[in-house]
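# Breakdown of the fold
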Number of protein chains: 2
Amino acid sequence: MKKSSKWLNKVQWDANGLVPVIAQQASTNDVLMFAWMNREALEKTVELGEAVYWSRSRKKLWHKGEESGHFQKIIDIRLDCDADVVLLKIEQVGDIACHTGRHSCFFQQLNSAEGEWIADAQ
Amino acid sequence: MKKSSKWLNKVQWDANGLVPVIAQQASTNDVLMFAWMNREALEKTVELGEAVYWSRSRKKLWHKGEESGHFQKIIDIRLDCDADVVLLKIEQVGDIACHTGRHSCFFQQLNSAEGEWIADAQ
């Protein structure tokens, strides 16, 4: 094990070797997206200074922006009290985090009175 | 099924019937904590107007604040593009979300140069 990766042992990886990751825009605090990392993804994220996730559907590392150009520059990496959730504070290249082309993935809002989800609510 | 709970079918529950939930302070956009909900927890959250999670360790519903008084008043409920992550915008009673007594659970910060996590970083 590399000396530099000792800090990775602090993370409480789940039964699949993954940790949930929240990506938050550093300048506005907007929550942009949610994804997963394995140990290698988190290590590469720190090495590159850009977010690298684990794609559960494609079962491989996913350097966010590698196809879209919408890279996420790392500003700050946080770990929660139980050490089992990571919060990334990032600078979002292109200001678009969502694969739908939107700023944030959280564009559906519950209208609880009507019992429905509203897309692209402000 | 109650008419009012149709919107719950939109959520893509995981193999354990759960969905990851991010709790964000509405007034500051601070990310305060991360937890899980099952269908009943999300339904009760809307009914009460306060966050109700599913405790995976205790295997029961957990009305946040029931012991500490640190309830989370619901301001907005968002669903992500894949409908498998919920974002709650809340008003945090007491301004304390973490069971350690801190404002936010994300108080550990990576110092990547030193390869260590710093508690209570600003």
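What you are looking at is a predicted structure, and each value in this text was computed from that prediction instead of being measured. (Residues numbered from 1 in each chain as written. Chains lettered and ligands numbered in written order. Predicted model: local features only at pLDDT ≥ 70, side-chain atom pairs only at ≥ 80, totals over all residues.)

## Section: the overall build of chain A
Keep this limit in mind: For the purposes of this entry, the term helix denotes a DSSP run of H or I that reaches at least four residues, the term strand denotes a run of E that reaches at least two, and both are numbered from the N terminus. With C-beta atoms placed from the backbone, a residue counts as buried when 20 or more other C-beta atoms lie within 10 Å of its own, as exposed when 12 or fewer do, and as partly exposed for counts between those limits. It is the C-beta atoms, placed from the backbone, that decide contacts: two residues are in contact if theirs lie within 7 Å.
Scanning chain A from N- to C-terminus turns up 1 helix and 8 strands. Element order for chain A, N to C, with α for helix and β for strand: β-β-α-β-β-β-β-β-β. Its C-alpha atoms give chain A principal-axis dimensions of roughly 55 × 30 × 30 Å. Among the 122 residues that make up chain A, the fraction classed as buried is 32%. Summarising the internal contacts of chain A: among those between residues at least 6 apart in sequence, 39% fall at separations of at least 24.

## Section: the relation of the copies chain B and chain A
Applicable threshold: What sets the superposition is a least-squares fit of C-alpha atoms, and only residues with pLDDT of at least 70 in both copies go into it.
The transformation that overlays chain B on chain A combines an axial shift of 0.0 Å with a rotation of 180°, and the residual RMSD is 0.0 Å. One copy is carried onto the other by what is essentially a two-fold rotation axis. Across chain B, the smallest distance between a C-alpha and the rotation axis is recorded for Asn29(B), namely 2.7 Å. In this assembly, 100% of the residues forming the interface of chain B have copies in chain A that are likewise at the interface, indicating an isologous arrangement.

## Thoughts on the interface of chain B and chain A
Let me state the cut-off plainly: Under this grouping Gly is polar, as are all residues other than the nonpolar Ala, Val, Leu, Ile, Met, Phe, Trp, Tyr, Cys and Pro and the charged Asp, Glu, Lys and Arg. At least two bridges found by DSSP between two strands is the condition for calling them paired.
Listed as interface residues are 33 residues of chain B and, on the opposing side, 33 residues of chain A. Among the elements of the structure, strand 1 (18-25), strand 2 (31-38), strand 5 (72-79), strand 7 (108-111) and strand 8 (116-119) of chain B are those that each provide at least two residues to the side of chain B that touches chain A. For the side of chain B that touches chain A, the element with the most residues is strand 5 of chain B, which contributes 4 residues. The residue makeup of the side of chain B that touches chain A, split by class, is 16 nonpolar, 10 polar and 7 charged. Relative to strand 5 of chain B, strand 7 (residues 108-111) of chain A runs antiparallel, the two sharing 2 bridges. Across the sheet, Gln109(A) pairs through a bridge with Arg78(B), a residue of strand 5 of chain B.

## Concerning the sheet that holds strand 2 of chain B
Strand pairing within a sheet occurs via backbone hydrogen bonds; the two strands may be parallel or antiparallel. The following threshold applies: Comment: axis = line fitted to C-alpha atoms, over the contacting stretch for helices; angle = value between 0 and 180 degrees taken between N-to-C directions.
Spatially, 8(A)-7(A)-5(B)-6(B)-1(B)-2(B) is the arrangement adopted by the 6 strands of the open sheet, whose pairing is mixed. The strands lining the two open edges of the sheet, one partner per strand, are strand 8 (116-119) of chain A together with strand 2 of chain B. For this sheet the average axis-to-axis angle between neighbouring strands, irrespective of direction, equals 35°. Relative to strand 2 of chain B, strand 1 of chain B is paired through 7 bridges, and the arrangement is antiparallel. Paired with Gln24(B) across the two strands is Val31(B), which belongs to strand 2 of chain B. The sheet contacts of helix 1 (residues 39-48) of chain B involve strand 2, strand 5 and strand 6 (86-92) of chain B, and relative to strand 2 of chain B the element is tilted by about 120°.

## Looking at the environment of Leu110(B)
Its place among the elements puts Leu110(B) in strand 7. Of the residues examined, Leu110(B) has 23 C-beta atoms within 10 Å and is grouped as buried. Through-space distance from the C-alpha of Leu110(B) to that of Ala121(B) is 9.1 Å; in sequence the pair is 11 residues apart. Excluding anything up to four places from it in sequence, Leu110(B) contacts Trp7(A), Ile77(A) and Trp117(B).

## Brief notes about the sheet that holds strand 7 of chain B
Read from one edge to the other, the open sheet built from 6 strands follows the order 2(A)-1(A)-6(A)-5(A)-7(B)-8(B), with strand pairing classed as mixed. Two strands in the sheet have a free side with no partner beyond their single neighbour: strand 2 (31-38) of chain A together with strand 8 of chain B. The average angle at which neighbouring strand axes cross in this sheet is 35°, direction not considered. Of the strand pairs in this sheet, strand 5 (residues 72-79) of chain A and strand 6 (residues 86-92) of chain A are connected by 7 bridges, and their pairing is antiparallel. From the neighbouring strand, Arg78(A) faces strand 6 of chain A, where its bridge partner is Leu87(A). Where helix 1 (residues 39-48) of chain A meets the sheet, it contacts strand 2, strand 5 and strand 6 of chain A, and its direction lies at approximately 120° from that of strand 2 of chain A.

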